[in-house]
Every structure is written in C-alpha cells, then in structure tokens.
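Residues per chain, in single letters:
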Amino acid sequence: MGFRLPGIRRASFDANRASSKAVEVPKGYLAVYVGETMKRFVIPISYLVHPSFQDLLSQAEEEFGYDHPMGGLTIPCSQDVFANLTSHLNGL
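Worth saying up front: this structure is predicted, and the values here are computed from it rather than measured.

**Here we look at the packing of helix α1 (residues 51–64) against helix α2 (residues 79–90)**
- Put simply, α1 and α2 touch, their axes get as near as 10 Å, and they point 150 degrees apart. Accordingly, the angle class assigned to the pair α1 and α2 is roughly antiparallel. Judged by the twist between their axes, the crossing of α1 over α2 is left-handed. Judged by residue contacts, Ser52, Phe53 and Leu56 of α1 engage Phe82, Leu85 and Leu89 from α2.
- Considered class by class, the residues forming the contact of α1 with α2 number 5 nonpolar, 1 polar and no charged.

This is how it looks when you write it as structure tokens:
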C-alpha cells in the first residue's frame, strides 16, 4: 500500500517563531520522529518513494493515522532499524 498525503494546509509565517524546529527543516527535507524517545530526524523527501520506506509509512498510517502529536511524521520502529534503513538509502 502506498502512502497518501492528506490535504496540504498553508501555515502563515510568523517571524517571532523563526527559532521553531519546523523552520529548521530545509526545503526538500522532512522531519520525522522515531523510536520510544521520539528522536527527531530530518530526511530527504526522496526517501518517500523507496519501497522499504513506504512500508514504514504504511505502519505509521496504521498506528497513528494522520494524527502525529509531535508535529512531524511519527515512525513506529526502533531508532536502530531506522538508522540502518536510512544508511542503506544514503548509499543508493
């Protein structure tokens, strides 16, 4: 099953929030939270099309739906598994 993106909402930019983590994500990247401690990773959006990453996205959809309390995408796997996957994707 592929990953479906919900409707995109535009947020207005507030200069007073410039230090917000959401602002720290560069264009072409996505913030995700992984593991029991919800460690934040910033990953290239190109990972989204890889079948192994799509499996994780399907698991995230099943577990969390589209309600991600951390503000970014929550991935339901251990940090070690996620680090191994992203390491592999970096080598492609």
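**Here's the deal with the confidence of the model for the chain**
- Within the chain, residue pLDDT values average 76, and 70% of them lie at 70 or more.
- For the stretch residues 1–20, pLDDT sits under 50, and the model shows 15 contacts to residues farther than four places along the chain or on other chains.

What counts and how
- Residues numbered from 1 in each chain as written.
- Predicted model: local features only at pLDDT ≥ 70, side-chain atom pairs only at ≥ 80, totals over all residues.
- Heavy atoms only, no water.
- Axes fitted to C-alpha atoms, helices over the stretch in contact; angles between N-to-C directions.
- Helix = DSSP H or I, 4+ residues; strand = E, 2+ residues; numbered from the N terminus.
- Parallel < 35°, antiparallel > 145°, perpendicular 65-115°, else oblique.
- Left-handed = near helix turned anticlockwise from the far one by under 90°.
- Contact = heavy atoms within 4.5 Å.
- Nonpolar A, V, L, I, M, F, W, Y, C, P; charged D, E, K, R; others polar.
- pLDDT = per-residue confidence, 0-100.

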